[in-house]
Amino acid sequence: MSSAVLVLVETDAHRVTETSLETLTFARDLVKRRDGAQSHALLVGPVDADLRATALSQLADQGVDVVHVAQHDGLSAYSAASWATAVVAAAAASSAAVVLAPGTPRGSEIMAHVAARLDTAMAANVVAVGEVDPLVVSRQVMGGAVLELMRLTGRPAVLTVAGHAVEPASADHSTQPEVNELQMDLLETDLLGRVVRVEASELDDTAALTGARVVIGAGRGAGSANGFDGLLELTRLLGGALGVSRVVTGLGWRPHHEQVGQTGTRITPDIYIACGISGAIQHWAGCQGAKTILAINTDRDAPMVTRAHYAVIGDLHEIVPAVNEELQRRMG
Amino acid sequence: MVNVMVCIKRVPETSGQILLSDDAQSIDARHVGYTLSSHEECAVELAIQIAKATDGESTVLTVGSQDAVEQVRNALAVGCSAAVLVEADPAAYGPADVAQAIAQVVRAREAAGTSYDVILVGNDAADTGDFQVGVRLAYALGRPVLTGISTVEMSGDTAIAKGKGPEGTEVFEIPLPVVIAIQEGGIEPRYPSIPGRMKAKRIPIDTVSSPIEPAGTGRVRLELPPAQPSVVEVLGEGPEAAPAVVELLYRLGVVTK
């Protein structure tokens, strides 16, 4: 029997998300290594004609053979259980041997439902595949500071793929995916955990941090809640976002939505300027996706400094104002 | 009255350098110590607040060795009113096993007349990061579940829960009994006082042996990522380095003006 590798694809209002493209790229390697396997993808929820056309063309570029589309009145508002019902239906329709989703909060949540329903093991935050049969994966534990080799003997195996595990890339040969309008029944219980409304508030004001090209980081070295003036000025001058360590939010100096780390936001800027941050694992888990790291720290041996690309040794309260002044001079 | 159970896990501290055991099956945390995941610190605080607001009980539960009594006592010291230790070798328990073990204890207690309207867990453990114990527990008990939740308030037989979504704060209204996985960010955990610690010492910890045969974790071994040699280029010391910093920002294309 031929088998399939199925990817739950997330979209924003216009297109397939970057993390989903990473997951599709990751899955393609698995398809190649499983002889005769087919590549399947699943789109769930309110998908309008424009989004559908764009997504299908992106999935063709990813070399997907079959696209399952789950549309249902009950999918108008998100609930993990109803999304999981769609995934389980697509897994059955495709006889999937492996089911993958991006390691986003929703991807992780939906896959946990899928694994519980199918009574199979789930590996979260996978970064690589070791052996294909039986499947052995390498996944991030301890906030990414340690890798676990994990064997998954159940079928289908359920995985989430860690952000930045691979660079998203097009397939060698694009495809013309077959589209399967997925038939599914939702139960009343699937809808109990649905989103009843979305509010804008400070609690979730992390979009700026997630998408920022420049992030100015601040840690214990800021010294107090009043120690952020220079850092905020630098943030403004560079059009970036301020991100802080857990110490800073724990002490109440800055709000939690600015926290970068394992239990905060994971950032992927072009440059991360980490000021007065020692670089504990908790923090490193959130900032390791930065292309370039510049550390400003009094301690030459701090992990943040030794693992950075560039460093300036000294007190941030002397260095940051000098950088601001120099920037203003050159920017005119 | 809402009875709350909060499930916690003893995990190695993640602030220090990480060492593996000789057989690469576990983290050697002898020199860094143990703690609770920060998500679970928030879950403990929420459990206490919900129980207090509704005149209910807040029971802390862990699946682990006797060593985990340290973390259980801390939860009692900040205000949990009862405690259960499900004695088991945590290394042999995968997330599905932990969920089954908790579910069996909950069912046994419900059969004996004590029910838990709200069961709180951490969203993901700081060590194994499995992201699934709460969901599996909910399925084992036939209850609805929410994950990634930062605040919870009770409104009669409904929990009003809020968490961060892709487009803003998502609000859920979910009927009890329910399982909720808590994420740091909406609530400030309190720290134990001395009287709190004294009181905690007098609360008995109900120790039960694990009622299940674990299926295991699937762990082959742990590995430390290859050590990256330091490639740091020191641009200078003190404020005199400012021009070099700005030059770098221009070179990287971060400043274009």
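All values reported here derive from a predicted model rather than from experimental measurement. (Residues numbered from 1 in each chain as written. Chains lettered and ligands numbered in written order. Predicted model: local features only at pLDDT ≥ 70, side-chain atom pairs only at ≥ 80, totals over all residues. Heavy atoms only, no water.)

(A) Local environment of the overall build of chain A. Broken down by element type, chain A carries 10 helices and 15 strands. Its C-alpha radius of gyration of 22 Å places chain A within 12% of the 20 Å reference for a compact globule of 332 residues. Along the first, second and third principal axes, the C-alpha set of chain A runs to 65 × 40 × 35 Å. Across chain A, every contact between residues at least 6 apart in sequence was considered, and the portion connecting residues at least 24 apart equals 67%. Element-wise, carbon and sulfur atoms account for 47% of the exposed surface of chain A, whose accessible area totals about 13000 Å². (Helix = DSSP H or I, 4+ residues; strand = E, 2+ residues; numbered from the N terminus. Rg over C-alpha atoms; globule rule 2.2 N^0.38 Å. Contact = heavy atoms within 4.5 Å. Areas by Shrake-Rupley, 256 points an atom, 1.4 Å probe, with all protein chains shown as cover.)

(B) Expanded view of helix 6 (residues 242-251) of chain B. Of the positions making up helix 6 of chain B, those classed as buried are B:Ala242, B:Val245, B:Val246, B:Leu248, B:Leu249 and B:Tyr250. The secondary structure elements touched by the buried residues of helix 6 of chain B are strand 13 (271-275), strand 14 (292-297), strand 15 (310-313) and helix 10 (316-331) of chain A together with strand 15 (233-237) of chain B. Count one or two residues on from helix 6 of chain B and you reach B:Gly253, which has phi positive near 80°. (Buried < 20%, exposed > 50% of the residue type's maximum accessible area, 1.4 Å probe, protein only.)

(C) Structural view of the environment of A:Ala89. Residue and element names in this part refer to chain A. Mapped onto the elements, Ala89 comes out in helix 3 (residues 80-94). Sequence separation of Ala89 and Leu182 is 93 residues, and the distance between their C-alpha atoms is 7.5 Å. If we skip the residues at most four places from it in the chain, Ala89 touches Leu182, Gln183 and Met184.

(D) Representation of the side chain of A:Glu258 within the structure. All names here are of chain A. Secondary-structure assignment places Glu258 in the loop between helix 7 (246-250) and strand 13. When its relative accessible area of 11% is taken as the criterion, Glu258 is described as buried. When residues no more than four places from it in sequence are discounted, the contact partners of Glu258 are Leu209, Leu242, Gly243 and Val244.

(E) Spatial organisation of the environment of A:Val132. Residues and elements named next belong to chain A. Mapped onto the fold, Val132 is located in the loop between strand 5 (122-129) and strand 6 (135-141). Take Val132: its relative accessible area is 14%, and that puts it in the buried class. Along the backbone, Val132 and Arg34 are 98 residues apart, and their C-alpha atoms lie at a distance of 7.2 Å. Beyond its immediate sequence surroundings of up to four residues, Val132 is in contact with Arg33 and Arg34.

(F) Examining the pattern of salt bridges more closely. Evaluation of the coordinates by the stated rule reveals 26 salt bridges over all chains. Measuring nitrogen to oxygen at the nearest pair gives 3.4 Å for the salt bridge that ties B:Glu173 to A:Arg197. With B:Glu173 in strand 11 (residues 168-175) and A:Arg197 in strand 10 (residues 195-199), the pair connects residues from two separate chains. Its relative accessible area of 37% is what places B:Glu173 among the partly exposed residues. For B:Glu237, the salt bridge identified is with A:Arg300, shortest N-O distance 2.6 Å. Of the two residues, B:Glu237 is situated in strand 15 and A:Arg300 in the loop between strand 14 and helix 9 (303-306); the pairing between them involves two chains. Residue classification places A:Arg300 among the partly exposed residues on the basis of a relative accessible area of 39%. Shared partners join several salt bridges into a network, and the residues in it are A:Arg139, A:Glu148, B:Asp130 and B:Arg219. (Salt bridge = Lys/Arg side-chain N within 4 Å of Asp/Glu carboxyl O.)

(G) Geometry of helix 2 (residues 49-61) of chain A. All names here are of chain A. Helix length check: helix 2, at 13 residues, gives a terminal C-alpha distance of 18 Å against a target of 18 Å (1.5 Å per residue), a fit within 8%. Every buried residue belonging to helix 2 is among Leu51, Arg52, Ala55, Gln58, Leu59 and Ala60, and all of these are buried. Those residues of helix 2 hidden inside the fold are in contact with strand 1 (4-9), helix 1 (18-33), strand 2 (38-44), strand 3 (66-70) and strand 9 (178-181). If you check the start of helix 2, you find a side-chain oxygen 3.2 Å away from the backbone N of Asp50, and it comes from Asp48. Just beyond helix 2, the residue with positive phi is Gly63, at close to 75°. (Expected span 1.5 Å × (residues − 1). Polar contact = N/O pair within 3.5 Å; in protein donor to acceptor, adjacent residues only side chain to side chain.)

(H) Inspection of the packing of helix 3 (residues 95-111) of chain B against helix 4 (residues 133-141) of chain B at higher detail. Residue and element names in this part refer to chain B. Put simply, helix 3 and helix 4 touch, their axes get as near as 8 Å, and they point 45° apart. Classified by the angle their axes make, helix 3 and helix 4 are oblique. In terms of crossing hand, the pair formed by helix 3 and helix 4 is right-handed. In this structure, helix 3 uses Pro95, Ala96, Val98, Ala99, Gln100, Ile102, Ala103, Val106 and Arg107 to contact helix 4, whose residues at the interface are Val133, Arg136, Leu137, Ala140 and Leu141. (Axes fitted to C-alpha atoms, helices over the stretch in contact; angles between N-to-C directions. Parallel < 35°, antiparallel > 145°, perpendicular 65-115°, else oblique. Left-handed = near helix turned anticlockwise from the far one by under 90°.)

(I) Summary view of the interface of chain B and chain A. Listed as interface residues are 75 residues of chain B and, on the opposing side, 73 residues of chain A. Of the roughly 6400 Å² buried at the junction of chain B and chain A (both faces included), carbon and sulfur atoms supply 60%. Among the residues of chain B in contact with chain A, B:Arg136, B:Tyr139 and B:Thr169 are the three that bury the most area, contributing 9% of the side total. Here chain B and chain A share nine salt bridges between them. Among the salt bridges present, the one from A:Arg246 reaches B:Glu184, with a minimum N-O distance of 2.7 Å. Between the two partners, chain B and chain A, sit 32 residue pairs in polar contact (both at pLDDT 80 or more). Within the residue set of the side of chain B that touches chain A, elements represented by two or more residues are helix 1 (38-54), helix 4, strand 9 (145-155), strand 10 (158-165), strand 11, strand 14 (219-223), strand 15 and helix 6 of chain B. With nine residues, helix 6 of chain B is the single largest residue contributor to the side of chain B that touches chain A. Residues belonging to the side of chain B that touches chain A are distributed by class as follows: 36 nonpolar, 20 polar and 19 charged. The pairing of strand 7 (residues 146-152) of chain A with strand 14 of chain B spans four bridges and is classified as antiparallel. Considered in strand 14 of chain B, the bridge of A:Leu147 is made with B:Glu223. (Buried area = accessible area lost by both parts, 1.4 Å probe. Nonpolar A, V, L, I, M, F, W, Y, C, P; charged D, E, K, R; others polar. Pairing = 2+ DSSP bridges.)

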